[in-house]
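Observations on the model geometry
The lines below spell out each chain.
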Amino acid sequence: MPNHQPLTAQFVKSCSTPGRYGDGRGSKGLRLVVSPSKVASRGVTKSWVAEVRGAGGRRVARGLGSYPAVSLSEARKLAAEHYVSVKSGAINLRARSGPSAPTLERALDAVIPLRKMKPETIRDWRSSLERHVGDLMGVHVSLITSAHIIHVLMPIWQSKPALGRKLLQRLAVLMDWAKANSLRDDNPCDAVRAALPRNDHQAAHHRALAWPEVPAALRLARSYRRPMAARLFEFVVATAVRIGEAQAVTWPEIDFDVDVWTVPAERMKAGREHRVPLSGFALGVLANARRLAELEDVESHYVFPTASGKPLHRNVPIKMFVELGIDTTTHGLRSTFSDWAIEAGYDSMTVHRATAHEDRNAVRAAYQRTDRLEERRAMMQAWGEFLAS
């Protein structure tokens with residue numbers, strides 16, 4: 001349907017072609033969004049969204065609910081309210097913010113290098129903030145209140161809970177930067193969560209084996225039809241690293257003189273080089289992987305190669321888990337290791353270093369510059385001995 005023609009109740013009801021359909025001129029940015037349903041038998045789903053240009057030309061989008069729960073006439077009323085809210089808010093905030101004031105957008109520019117974000121992370125932050133925070137990005141950080149942040153989050157807090165939590169966390173980081181630079185005395189995000197409506201959506205946790213079950217799972221994997229996949233699984237378990245770090249490991253990254261594998265920064269989530277002490281169990285896995293490649297006449301600098309010499313795909317262990325009935329994920333195995341280590345009496349900071357978790361507390365991180373390699377070496381050796389039991 002052309003954008004200049006208004007929607008009709010009949011069209012909204014009968015439309016089954018995925019797309020975005022405008023409500024014509026003067027619609028206050030109302031759109032009908034038709035999307036393929038994740039449940040094949042249901043065909044398509046329909047929802048309403050209103051997009052309004054605010055200060056600086058930024059688009060401020062708001063979800064208005066799904067059809068038929070929200071009718072066309074109700075969606076038009078909600079879109080009109082959103083239009084008035086954005087336009088009046090933009091005028092008021094523009095008047096209070098000078099052109100040279102440190103804005104939320106400038107705060108983002110300052111925070112990016114401090115957190116050493118990767119290019120894809122930078123794009124994700126900018127995209128989410130520009131799309132959902134809109135005009136607030138051009139406001140002086142000292143003028144932003146809890147009410148402003150609630151206004152931003154309310155449209156998505158229950159319909160898109162994961163996105164809502166992400167936006168709140170990112171705004172809190174920017175407000176912390178402003179507070180640390182004496183641009184304000186508080187963080188307005190602190191009081192926001194209590195003021196938002198109850199959100200029953202729970203964060204999804206990665207499935208993880210209980211640590212006593214891991215040796216049996218390793219024994220089961222040794223019978224798998226793709227032996228190299230089993231070796232990769234064993235290595236992920238033995239080193240407690242992420243699958244993306246282990247899947248592409250190369251022989252030059254491993255120093256057998258000191259039994260340390262150095263994961264390059266570009267493969268690490270935090271963007272920093274990570275040293276992994278290799279236990280006797282892990283070294284045995286590497287030796288078995290080398291012998292297997294030789295038996296299959298595969299020449300590759302990758303430790304866990306395919307027949308063509310390329311690294312195994314990161315989803316190969318997942319397929320193995322499904323076929324063998326092992327109820328875990330590769331990421332969940334890191335939680336399994338952490339549970340074992342804490343119950344075995346190792347301190348939490350050493351465990352965090354082993355799993356290469358980034359410490360978000362800047363003050364604490366400044367005092368924890370060592371990677372505790374030798375402490376971790378003893379811990380990983382004990383873990384390896386348990387795995388071999």
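For the structure, see preceding data.
All of the points below concern the structure found in this document. This one's a predicted model, so the numbers in the text were calculated from it and none came from an experiment. Residue indices begin from 1 for each chain and proceed along its sequence in written order. Side-chain atom pairs in this predicted model are given and counted only at pLDDT of 80 or more, local residue features only at pLDDT of at least 70, and totals for whole chains, interfaces and linings cover all residues. Processing note: side-chain calculations cover all non-hydrogen atoms of the structure and skip hydrogens and water entirely.

**Observations concerning the pairing of strand β6 (residues 260–263)**
Any two strands with at least two DSSP bridges between them are considered paired. Secondary structure is summarised from DSSP: a helix means a run of H or I of at least four residues, a strand means a run of E of at least two, and numbering begins at the N terminus for each. As defined by bridge partners, strand β5 (residues 254–255) adjoins β6 across two bridges and the pair is classed as antiparallel. Counted as the bridge partner of D255 is V260 from β6. Connecting β5 to the antiparallel partner β6 that follows it, the hairpin turn spans four residues, and D259 within it adopts a positive phi of roughly 55 degrees. Relative to strand β7 (residues 274–277), β6 is paired through four bridges, and the arrangement is antiparallel. When the bridges of β7 are listed, W261 appears paired with V276.

**Details of the sheet that holds β7**
An order of β5-β6-β7 is seen for the three strands of this open sheet, with the pairing classed as antiparallel. The open sheet terminates on both sides in strands that have one partner only, identified here as β5 and β7. The contact criterion used is simple: two residues touch if any of their non-hydrogen atoms lie within 4.5 Å. In this analysis an axis means a line fitted to C-alpha atoms, helices contributing only their contacting stretch, and an angle means the value between N-to-C directions, from 0 to 180 degrees. Here helix α16 (residues 373–387) sits on the sheet in contact with β6 and β7, set at roughly 40 degrees to β7.

**A short note on the pattern of salt bridges**
Note on definitions: salt bridges are taken to be side-chain nitrogens of Lys or Arg within 4 Å of carboxyl oxygens of Asp or Glu. This structure, assessed with the given rule, holds 13 salt bridges. D109 is paired through a salt bridge with R126; the nearest N and O atoms lie 2.8 Å apart. Taken together, the residues span a long stretch of sequence, with D109 in helix α3 (residues 104–114) and R126 in helix α4 (residues 119–132) at a distance of 17 residues. The network of salt bridges with shared partners includes R106, D109 and R126.

**A closer look at the environment of L312**
Here L312 lies in the loop between α11 (280–295) and α12 (316–324). A relative accessible area of 2% means that L312 is categorised as buried. With 83 residues separating them along the chain, L312 and A229 place their C-alpha atoms 7.5 Å apart. Apart from the residues lying within four places of it in its own chain, the contact partners of L312 are R226, M228, A229, L232, Q247, F304, P305 and T306. Think of it in three bands: residues with accessible area under 20% of the maximum for their type are buried, residues over 50% are exposed, and the middle band is partly exposed, with areas taken using a 1.4 Å probe on protein chains only.

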